[in-house]
Amino acid sequence: MRVYLDNNATTIVDPHVKAEMDPFFVEKYGNPNSLHAFAGETHGPLKTAMEKIYAGIHAPKEDSVVITSCATESNNWVLKSVYFEYILTGRKNHIIVSEVEHPSVIATAKFIESQGCRVTYLPINSEGMIDPQSVRDNITNKTALVSVMWVNNETGAIFPVQEIGAICEEHKVLFHTDAVQAIGKIPVDVQSFNVDYLTFSAHKFHGPKGVGGLYMKKGKELMPLLHGGAQMGGLRSGTLNVAGIIGMGKAMEQAVDALDYEMTEIREMRDQFEDQLLEIKDTFVITPRAKRTPNTILISFRGIEGEAMLWDLNQAGIAASTGSACASEDLESNPVMEAIGADADLAHTAIRFSLSRYTTQDEMDYTIDIVRKAVERLRAISSSYAYAPAGHKSGLAAH
Ligand code: 7TS
């Protein structure tokens, strides 16, 4: 059996999405910016796709949704643009990000820090959550931007972006949220709270890879990151990824349609699976379920290296993760586990299971069986497990 439980890394492209994209490779391949019938064939479908994307996040017509190549680009764009417009010009000197942002935010923050910007990295608490008060405490009259993700990709923790947005509005500070792991998991409505910029990426919600977006509120448009042929209203040049945009539109529409299923059926499947995992001795989950998206579990098995567990799972056809795939080439411990101050042993034992609307009960039943066998095998040969009983070093409650 092959079981895919790494949906926070990427998802299967929904066949309906692929079907909508298919005509735009060989049959309808005109450059939408050209002045002939080949180009004209793309205009209607592109417009429909953009309408679906706007509708999916409740963006008003007057705001901008700019298509990018991925969330990494959208995140880079926000921070670099703020650097050029506010920091380099001396108007402001400071930004705030959480310490558990995706590397596309953290590495960009470090880059602009190396160029002279002051950066505050907000800590998370022992539940893996951000305290909005910490945002208020760190804002100064020189703060240009706060960038805090909506949902953490490792734990699934839903951060209090509504409260953070309100604090930013009060202090007239720009607010960006990386909503990559929120779309299709929880309702996303840019009109329901104060947010200036919002990042998303199609391949996280059953769309194609290589296409994402950045929402920008009217009047808060950023300087272009890519200068050139004036596509996307001059905000992001480059010939449009026609098939990609059409695919993302369909995927967004389906993500919204499937939201109820995700929040009920998938949540129930996840909860049952998690209950079964927690029956295994010396297992730890940081973020309470009620504060998480319905599809994610980050769990530690004391005494078992995450990579060893992944190996056993992979041998049985199961795909999970020890953390962000972006960092999987180096054997670093999980960044969230480090941020909550887990001891070194435990920080290396975290495994992320992330479900999707394609996940089935049979797959979960098979997986729990394999996990139990893997735990037994790996603890029997673990040198650290015998010396580290029941969570006494980490201060985390054992389940
Ligand atoms: N932001 C978040 C919150 C993410 O989870 C990811 C990918 C990205 C940005 C980057 O998206 P992309 O469109 O540039 O690919 N996260 C992960 C992950 O958790 N495991 O692999 C990739």
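Fair warning: this is a prediction, and the values are worked out from it, not measured in the lab.

Engineer: Explanation requested: the domain arrangement of the protein chain in the structure shown.
Structural biologist: Many descriptions give the size of an interface as the accessible area lost when the pieces come together. Taken domain by domain, the protein chain holds domain 1 (3-9 + 258-382) and domain 2 (15-257). Averaged C-alpha coordinates put domain 1 and domain 2 at centres separated by 28 Å. Listed per partner, the contact involves 28 residues of domain 1 and 30 residues of domain 2. Between domain 1 and domain 2, the buried area comes to about 2500 Å², and carbon and sulfur atoms account for 55% of it. The largest per-residue losses of area from domain 1 upon contact with domain 2 belong to Leu-259, Thr-293 and Arg-357, which jointly make up 21% of the total buried on that side.

Engineer: What am I meant to see in the environment of Ile-299 here?
Structural biologist: The topology assignment puts Ile-299 in strand E10 (residues 296-301). Sequence separation of Ile-299 and Thr-322 is 23 residues, and the distance between their C-alpha atoms is 9.6 Å.

Engineer: Explain the site of the ligand to me, please; I cannot follow it from the model alone.
Structural biologist: Around the ligand there are 19 residues in total, and Thr-72, Asp-178, Gln-181, Ser-201 and Lys-204 lie nearest to it. Contact distances for the ligand include 3.0 Å between an oxygen atom and a side-chain N or O atom of Asn-153. Taking Gln-181, its side chain carries an N or O atom lying 2.8 Å from an oxygen atom of the ligand. Here the ligand has 500 Å² of accessible area as a free molecule, and 93% of this is covered by the chains. Counting only domains with at least three residues in the shell around the ligand, you end up with domain 1 (3-9 + 258-382) and domain 2 (15-257).

Engineer: Help me understand the sheet that holds strand E9 (residues 283-285), please; the structure alone is not making it clear to me.
Structural biologist: Taken together, three strands build an open sheet; the order of strands is E9-E10-E12 and the sheet is antiparallel. Single-partner strands in this sheet number two, and they are E9 and strand E12 (350-354). The mean inter-strand angle of the sheet, taken between neighbouring strand axes irrespective of direction, is 30°. Pairing geometry for E10 and E12, over five bridges, is antiparallel. By the bridge assignment for E12, Thr-296 is matched with Ser-354. With respect to the sheet, helix H8 (residues 259-278) is in contact with E9, E10 and E12, its orientation differing from that of E10 by roughly 5°.

Engineer: Just checking my understanding: could you explain the pairing of strand E5 (residues 143-147) for this structure?
Structural biologist: The two faces of a sheet get side chains in turn, since along a regular strand they alternate between them. For E5, a buried count of five out of five residues is recorded, marking the element as mostly surrounded by other parts of the structure. As paired elements, E5 and strand E6 (residues 174-178) share three bridges and run parallel to each other. Across the sheet, residue Leu-145 finds its bridge partner in E6, namely Leu-174. Between the parallel elements E5 and E6, the chain passes through helix H6 (residues 161-170) in a crossover that is right-handed.

Engineer: I would appreciate a short explanation of the pattern of salt bridges in the present structure.
Structural biologist: Side chains that differ in sign of charge can pair as their charged atoms come close. Summed over all chains, the structure comprises 21 salt bridges. A salt bridge links Asp-369 to Lys-373; the shortest N-O distance between them is 3.2 Å. Taken together, the positions of Asp-369 and Lys-373, both in helix H12 (residues 361-380) and four residues apart, correspond to about one turn of that helix. Under the relative-accessibility criterion, Asp-369 is labelled partly exposed at 34%.

Engineer: How do you make sense of the packing of H8 against H12 when you look at a structure like this?
Structural biologist: Packed helices, taken two at a time, are described by the angle between their axes plus the distance between the axes. For the pair H8 and H12, interaxial distance at closest approach is 10 Å and the crossing angle is 15°. Between H8 and H12, the crossing angle belongs to the class labelled roughly parallel. When you trace H8 past H12, the crossing you get is right-handed. Every residue of H12 that contacts H8 at Met-269, Gln-272, Phe-273, Gln-276 and Leu-277 is listed here: Gln-361, Met-364, Thr-367, Ile-368, Val-371 and Arg-372. In terms of residue class, the contact of H8 with H12 is built from six nonpolar, four polar and one charged.

Engineer: Before we go on, may I ask you to explain the packing of aromatic side chains in this structure?
Structural biologist: Each aromatic ring pair is characterised by the separation of its centres together with the angle its planes make. Overall, the coordinates contain four aromatic pairs when judged by the stated rule. The interplanar angle of 50° and the centroid separation of 5.9 Å between the aromatic rings of Tyr-29 and Phe-38 together place this pair among those described as tilted. Tyr-29 gets classed as exposed once you look at its relative accessible area, which sits at 53%. Since its relative accessible area comes to 42%, Phe-38 is described here as partly exposed. Look at Tyr-83 and Phe-84: their rings are 5.6 Å apart centre to centre, the planes differ by 70°, and that puts the pair in the edge-to-face class. Between Lys-110 and the ring centre of Tyr-121, over which it is positioned, the NZ or CZ distance is 4.3 Å.

Engineer: Would you explain the sheet that holds E6 in this entry?
Structural biologist: Neighbouring strands of a sheet are bound in pairs by backbone hydrogen bonds; such pairs are parallel or else antiparallel. Taken in spatial order, the seven strands make up an open sheet running E2-E8-E7-E6-E5-E3-E4, and their pairing is mixed. What marks the edges here is a single partner per strand, and that holds for strand E2 (64-68) and strand E4 (118-122). Between one strand axis and the next, the sheet turns through 20° on average, direction left out of account. Sheet topology note: the strand E3 (residues 94-98)/E5 ladder contains four bridges and is parallel. Of the residues in E5, the one forming a bridge with His-94 is Thr-143. Packed on one face of the sheet, helix H3 (residues 71-87) meets E2, E3, E5, E6, strand E7 (197-201) and strand E8 (212-216) and runs near 170° to E5. The sheet strands contacting H6 are E5 and E6, and the helix crosses E6 at an angle near 160°.

Engineer: Could you clarify how one ought to interpret H8 in this entry?
Structural biologist: Counting along an α-helix, one turn takes 3.6 residues, and residues three or four places apart therefore face a common direction. The terminal C-alpha atoms of H8, which comprises 20 residues, lie 27 Å apart, in line with the 28 Å expected from a rise of 1.5 Å per residue. Along H8, the largest kink reaches about 30° and is centred on Arg-267. Considered for burial, the residues of H8 that qualify are Leu-259, Glu-262, Ile-266, Met-269, Arg-270, Asp-271, Phe-273, Glu-274, Leu-277 and Leu-278.

Parameters and conventions
- Residues numbered from 1 in each chain as written.
- Predicted model: local features only at pLDDT ≥ 70, side-chain atom pairs only at ≥ 80, totals over all residues.
- Heavy atoms only, no water.
- Domains from an automatic or database assignment.
- Contact = heavy atoms within 4.5 Å.
- Buried area = accessible area lost by both parts, 1.4 Å probe.
- Helix = DSSP H or I, 4+ residues; strand = E, 2+ residues; numbered from the N terminus.
- Near = heavy atom within 4 Å.
- Polar contact = N/O pair within 3.5 Å; in protein donor to acceptor, adjacent residues only side chain to side chain.
- Areas by Shrake-Rupley, 256 points an atom, 1.4 Å probe, with all protein chains shown as cover.
- Pairing = 2+ DSSP bridges.
- Axes fitted to C-alpha atoms, helices over the stretch in contact; angles between N-to-C directions.
- Buried < 20%, exposed > 50% of the residue type's maximum accessible area, 1.4 Å probe, protein only.
- Right-handed = clockwise from strand over helix to strand, strands pointing away.
- Salt bridge = Lys/Arg side-chain N within 4 Å of Asp/Glu carboxyl O.
- Parallel < 35°, antiparallel > 145°, perpendicular 65-115°, else oblique.
- Left-handed = near helix turned anticlockwise from the far one by under 90°.
- Nonpolar A, V, L, I, M, F, W, Y, C, P; charged D, E, K, R; others polar.
- Phe/Tyr/Trp six-rings, centres within 6.5 Å; stacked < 30°, edge-to-face > 60°.
- Lys NZ or Arg CZ within 6 Å of the ring centre and 35° of its normal.
- Expected span 1.5 Å × (residues − 1).
- Bend = angle between axes of the 7 residues up to and from the residue.

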